[in-house]
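Secondary and tertiary structure notes
Each chain is listed here by its residues.
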Amino acid sequence: MNAPNKSGWKPAMTPDNGASAGTGTLTGNRALMLEEPLLFEIGHAETTGVDLELVEAELPNRLGGMERKGSIGLVGLTEPETVRHYTRLSRQNYGIDLGFFPLGSCTMKHNPRLNEKVARMPGFADVHPMAPASTAQGALQVVYELGDWLKKLTGMPAVAMSPKAGAHGELCGILAIRAALTARGDAREVVLCPESAHGTNPATAAFAGYRVEDIPATPEGRVDVDALKARLGPDVAAVMITNPNTCGLFERDFKVIADAVHEAGGFVYCDGANFNAIVGKVRPGDLGVDAMHINLHKTFSTPHGGGGPGSGPVVLSEALAAYAPLPFVRKTGDLYELVEEEDAAAAETSFGRMTAFHGQMGMFTRALTYMLSHGADGLKQVSEDAVLNANYILRSLEDLLHAPYADSGPCMHEALFGDKDFGNGLTTLDLAKALIDEGYHPMTVYFPLVVHGAMLVEPTETESKATIDQFISAFRSVAQRALDGDESMKHAPYYAPRRRLDETQAARKPVLAWEGDRET
Amino acid sequence: MRYLPLTDTDRGDMLERVGASSIDDLFVDVPEAARLDGPIRGLPMHMSEMAVERHMRARSKKNLAAADAPFFLGAGAYRHHVPASVDTIIQRGEFLTAYTPYQPEIAQGTLQMLFEFQTQVARLYGCAVANASMYDGSTACWEAVAMAGRVTRKSRAVLSGALHPHYTEVVKTMAQFTGDTIADSAPTVQPEPDEAGLIARIDDQTSCVVVQYPDILGRVSDLSKVAEAAHEKGALLIAVVTEPVALGAIASPGELGADIVVGEGQSIGVGLQFGGPYLGLFAVRDKKHVRQMPGRLCGETQDAEGKRGYVLTLSTREQHIRREKATSNICTNSGLCALAFTVHMTLLGEKGLRQLAMENHRLACIAADRLAKVPGVEVITRSFFNEFAVKLTGAKGIGARQIVRDLADEGVLAGVSLARLYPGHPELDDALLIAVTETSTEDDIAALAHALQEKLA
């Protein structure tokens with residue numbers, strides 16, 4: 001995997017990708033790089049890849065006169081054509097299986113295949129969410145046991161399992177806080193978020209009806225504790241802080257901040273997106289957290305799937321536990337039951353229901369499988385290796401690239417760089433696209449917003465030293481070219497399935513569905 | 001450990017490079033009092049792959065899989081046959097282990113798939129534009145209510161009494177915090193939905209009217225009049241489709257005048273999975289509403305060489321750009337479930353979807369006729385697709401919920417009782433929802449009829 005370039009051969013990098021050097025192909029294909037039309041350009045309304053056991057009888061019709069008239073406009077392919085179409089498309093994608101994917105804040109670690117196998121066991125995959133509890137004891141047990149792991153790993157007394165993704169978990173936490181405040185007749189209006197926060201934090205707080213104000217940061221990249229304390233008061237409902245923060249640093253004064261927030265009558269929301277750095281090393285419950293979501297698709301290895309599904313359980317403090325959403329799993333003796341609206345005591349305090357059913361079961365089975373595989377000892381090693389890999393990258397690049405917080409102590413699981421001193425107007429985007437040509441998925445770019453041209457590199461623990469060493473060499477090479485003002489980078493990538501795509505045109509005249517068969 | 005490539009030698013060399021004498025040096029910023037000195041207590045140590053598999057299989061075996069019983073549960077989650085090739089494709093690492101296509105040049109696979117998905121959903125719904133998916137149908141429903149508020153600048157949402165009660169709960173939960181007023185109503189187990197009652201509740205303050213199609217009792221009815229009434233008052237009609245296969249047989253909500261169509265896509269490609277992950281579908285009939293939509297949108301463009309390609313677009317609506325002014329806080333959606341939907345829908349095509357829908361309807365009609373002959377069972381729903389409500393008039397105070405539990409003990413998964421869906425409504429105690437899909441056989445139907453007959457005798 002990612003062996004060093006032993007042959008020493010290097011492709012030429014010219015703006016036309018070498019096309020002028022030879023004859024173009026008739027098909028537009030380049031050997032293994034195959035162009036693939038849209039489904040709608042190759043499929044037909046009369047083609048189908050499934051065969052049902054159809055009955056040759058007169059079909060009944062009790063559709064109340066609402067039968068569909070006219071064509072839906074869908075097309076089909078046979079099974080071999082379908083498999084080939086999507087296999088060809090898949091080859092235009094970069095994934096963790098293919099190579100190093102250091103997308104900061106996203107924790108692109110290896111997705112173990114045992115997780116996939118377990119999630120497909122019929123007792124998990126083929127059970128209806130409203131199956132009688134007596135027929136789903138094992139499924140309810142998994143929800144309960146995963147919750148128990150999350151509580152122990154975070155040192156928190158309660159957990160809400162139903163949130164569907166990180167941002168949904170944030171909403172769950174903020175709504176629990178709002179419900180707790182309402183219960184004591186306290187109408188606070190403000191949520192404080194650092195400028196370096198994920199965009200979901202202010203969006204969540206605003207969605208829950210709060211006014212969002214910035215928390216100032218110190219030059220070393222951490223929350224300015226004195227300024228925060230000065231801002232606290234009877235109008236502040238909560239602070240939302242990511243820890244480790246998005247500059248890659250541990251908020252060493254978190255407990256002090258939490259105590260001050262509690263003193264002022266507010267609550268502490270911790271964005272747990274970066275939990276991978278500290279799982280098994282420190283428990284957020286010991287730092288004064290009231291609510292924290294955990295992205296199972298980051299820390300606990302469930303696949304990112306090209307943008308979901310995620311899963312965002314939320315651990316809650318004693319003060320918030322009673323307000324957790326419905327439904328949840330309760331264990332009495334050896335029996336597991338789902339507590340829903342009919343449980344008057346639970347319904348009385350719960351802030352309500354966030355989703356139709358009880359959460360991302362398919363992700364729960366995967367995450368629990370992962371936790372059992374690692375065990376408490378392995379999870380500690382996970383965070384240690386993740387942090388070591390990030391520091392290794394930071395210290396291997398800081399002499400070349402601007403690393404704004406290199407002097408703020410060790411980084412956690414991600415290393416942050418900026419675009420200072422790039423030549424000839426080259427940008428972080430240009431560097432990212434050049435990294436694509438080197439065979440990498442770029443790091444997160446332009447986030448956090450507090451660093452100019454930010455590049456956030458998160459290697460995770462599932463990479464070998466050889467992979468990381470080769471990445472460092474490649475990163476140093478493209479960084480040097482950026483500092484030298486190598487203008488060819490403005491046209492990168494050269495070797496990807498597409499050259500740079502015109503995002504302005506896409507937004508100015510949006511084409512959001514295929515309309516090739518329609519009059520315009 | 002099998003997932004950790006670093007060796008102890010690597011770790012030593014790397015610590016030296018970073019100038020740390022031990023790994024603890026890298027955690028100096030964690031306050032000493034909070035630092036853990038060993039593995040967290042009360043949790044097991046690592047296990048082999050074989051041991052983990054054995055452990056999880058023991059839990060799986062404690063559940064009754066739908067395939068192992070006559071199975072008639074629906075109410076927002078439906079069991080359909082998913083062709084084997086769907087799962088093969090979604091397990092390709094290039095799809096499974098990719099992330100949100102932030103770097104479009106190396107994510108054309110996901111992006112083109114999303115463009116196909118958006119087109120399929122828009123056409124199925126009779127809409128102009130669909131987004132790249134939401135978490136599930138219920139959250140998509142709330143997002144639609146919130147969007148209607150932005151479009152109309154009004155805040156009173158009128159919910160049909162025949163909307164899935166869990167969807168109603170989600171909308172009411174969110175509305176507590178946003179200041180929206182939600183007007184819902186209790187369900188009534190009648191052959192026809194109360195259209196006049198719903199229309200009477202629409203007023204000048206109404207931002208939207210939310211109806212389910214087919215509704216929670218499986219009833220199929222024309223939405224045009226409600227659409228007209230909503231539009232007259234300057235409100236939007238939101239149609240919720242929990243069973244997308246139905247749209248292979250019945251007119252699309254867009255054709256009937258719905259402005260926003262949302263729903264659950266789980267039926268196609270995704271599977272039951274004990275409630276998630278599922279697939280939220282979200283579409284608007286008129287392009288003019290695109291900029292108020294939540295979630296990601298994939299759009300066509302071209303690259304520097306003029307080649308067609310796809311990117312995420314109109315992201316100025318979204319949280320990573322607009323932060324507190326975003327249309328929604330959603331970030332991760334249901335990408336892989338969208339892929340499963342699209343692959344399954346591609347295999348079906350228009351022809352296969354229509355056949356699948358009619359096969360569902362045919363079997364549901366057979367089941368309704370068969371159950372109508374059971375003494376003590378009254379079939380309530382007259383016009384339906386693949387799900388209908390019955391009253392167990394012969395239950396004599398036991399209640400449909402208990403009967404469902406009793407039949408489960410006998411290995412028959414009979415349906416979803418309304419008492420489970422509507423706690424606190426004793427008048428619904430004898431009602432049961434029965435869903436019949438292509439996976440139900442005539443033998444299964446006979447087994448259900450027989451079991452009910454025994455129980456009600």
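Quick caveat: nothing in here was measured; it's all calculated off a predicted structure.

Quick look at the overall build of chain B
- Along the backbone of chain B there are 14 helices and 13 strands.
- Against the 2.2 N^0.38 benchmark of 23 Å for 457 residues, chain B shows a C-alpha radius of gyration of 25 Å, consistent with a compact globule.
- Considering only intrachain contacts with a sequence separation of at least 6, the fraction spanning at least 24 residues in chain B is 73%.

Digging into the overall build of chain A
- Counting its secondary structure elements, chain A contains 15 helices and twelve strands.
- Taking 520 residues into account, the globule formula puts the C-alpha radius of gyration at 24 Å, and chain A, at 26 Å, falls close to it.
- Across its three principal directions, the C-alpha atoms of chain A cover 80 × 75 × 45 Å.
- Out of the 520 residues belonging to chain A, those deemed buried represent 58%.

Some remarks on the interface of chain B and chain A
- Listed by partner, the interface residues are 171 residues for chain B and 177 residues for chain A.
- A total of 21 residues in the side of chain B that touches chain A trace back to one element, the largest contributor, which is helix α11 (residues 335–372) of chain B.
- Residue composition of the side of chain B that touches chain A, grouped by class: 82 nonpolar, 52 polar and 37 charged.

Side note on unusual backbone geometry
Residues and elements named next belong to chain B.
- The omega torsion of the bond from Y213 to P214 falls at -15°, within 30 degrees of zero and hence cis.
- Here P214 shows up in the loop between β4 (206–212) and α9 (224–232).
- With an omega of 0°, the peptide bond running from G276 to P277 counts as cis.
- With respect to the helices and strands, the residue P277 is situated in the loop between β6 (260–264) and β7 (280–284).
- Of note in this structure, L314 is not a glycine but carries a positive phi near 50°.
- Within the secondary structure layout, L314 lies in the loop between β9 (308–313) and α10 (319–322).

Examining the environment of M134(B)
Residue and element names in this part refer to chain B.
- Take M134: it is sitting in the loop between β1 (129–130) and α6 (137–152).
- M134 gets classed as buried once you count the C-beta atoms within 10 Å, which come to 33.
- It is 8.6 Å that separates the C-alpha atoms of M134 and P294, two residues lying 160 residues apart in sequence.
- In this view, M134 contacts T139, A140, E143, G280, F282, G295, I330, N333 and S334; residues no more than four positions away in its chain are not counted.

Looking at the pairing of strand β5 (residues 267–271) of chain A
Residues and elements named next belong to chain A.
- For β5, the tally of buried residues reaches five of five residues, placing the bulk of the element in the interior.
- Covered by surrounding structure in β5 are F267, Y269 and D271 together with V268 and C270, the residues of both alternating faces.
- In the sheet, strand β4 (residues 236–242) pairs with β5 via five bridges, with the strands oriented parallel. For A238, the partnering residue across the bridge sits in β5 and is F267.
- Crossover β4 to β5 through helix α9 (residues 254–263) is right-handed.
- Strand direction decides the pairing type here: β5 and strand β6 (residues 291–293), joined by three bridges, are parallel. The residue of β6 that forms the bridge with Y269 is A291.

Quick word on α6(B)
Residue and element names in this part refer to chain B.
- Look at α6: 22 Å from first C-alpha to last across 16 residues, which is about the 22 Å you get at 1.5 Å a residue.
- Burial analysis of α6 places 13 of its 16 residues in the buried class, which makes it a mostly covered element.
- Just downstream of α6 lies R153, where phi reads positive at about 55°.

Looking at the domain arrangement of chain B
All names here are of chain B.
- Taken as a whole, chain B is organised into domain 1 (66–81 + 350–456) and domain 2 (84–345).
- Look at where the C-alpha atoms of domain 1 and domain 2 centre, and you get two points 27 Å apart.
- Taken together, the 30 residues of domain 1 in the interface contact 26 residues of domain 2.
- When contributions to the side of domain 1 that touches domain 2 are tallied by element, the ones reaching two or more residues are α11, β11 (387–391) and β13 (431–435).
- Here the side of domain 1 that touches domain 2 gets seven residues from one element, more than from any other, and that element is α11.
- Of the residues that constitute the side of domain 1 that touches domain 2, the class distribution is 17 nonpolar, eight polar and five charged.

Description of the sheet that holds β4(A)
All names here are of chain A.
- In space, the seven strands of this open sheet follow the order β1-β7-β6-β5-β4-β2-β3, with mixed pairing throughout. Because the sheet does not close on itself, it has two edges, and the strands there are β1 (158–160) and β3 (211–215). Put simply, the sheet's adjacent strands are angled 25° from each other on average, direction ignored.

A word on the packing of helix α12 (residues 361–397) of chain A against helix α2 (residues 49–60) of chain B
- Look at α12(A) against α2(B): their axes get within 9 Å of each other, and the N-to-C directions meet at 140°. Judged by the angle between their axes, α12(A) and α2(B) are oblique. At the point where α12(A) passes α2(B), the crossing takes the right-handed sense. Counting all contacts with α12(A), which are made through T365(A), T369(A), L372(A) and S373(A), the residues of α2(B) involved are V52(B), H55(B) and M56(B).
- Partitioned by chemical class, the residues of the contact of α12(A) with α2(B) number three nonpolar, four polar and no charged.

Notes on the packing of helix α2 (residues 79–90) of chain A against α11(B)
- At their nearest, the axes of α2(A) and α11(B) sit 9 Å apart, and the two run at 150° to each other. With respect to their mutual orientation, α2(A) and α11(B) come out roughly antiparallel. Every pair of crossing elements has a handedness; the one defined by α2(A) and α11(B) is right-handed. Within the contact between the two elements, α2(A) uses E79(A), T82(A) and Y86(A) and α11(B) uses V343(B), T346(B) and L347(B).
- Per-class residue counts for the contact of α2(A) with α11(B) are three nonpolar, two polar and one charged.

Conventions used here
Residues numbered from 1 in each chain as written. Chains lettered and ligands numbered in written order. Predicted model: local features only at pLDDT ≥ 70, side-chain atom pairs only at ≥ 80, totals over all residues. Helix = DSSP H or I, 4+ residues; strand = E, 2+ residues; numbered from the N terminus. Rg over C-alpha atoms; globule rule 2.2 N^0.38 Å. Contact = placed C-beta atoms within 7 Å. Buried ≥ 20, exposed ≤ 12 C-beta atoms within 10 Å, placed from the backbone. Nonpolar A, V, L, I, M, F, W, Y, C, P; charged D, E, K, R; others polar. Pairing = 2+ DSSP bridges. Right-handed = clockwise from strand over helix to strand, strands pointing away. Expected span 1.5 Å × (residues − 1). Domains from an automatic or database assignment. Axes fitted to C-alpha atoms, helices over the stretch in contact; angles between N-to-C directions. Parallel < 35°, antiparallel > 145°, perpendicular 65-115°, else oblique. Left-handed = near helix turned anticlockwise from the far one by under 90°.

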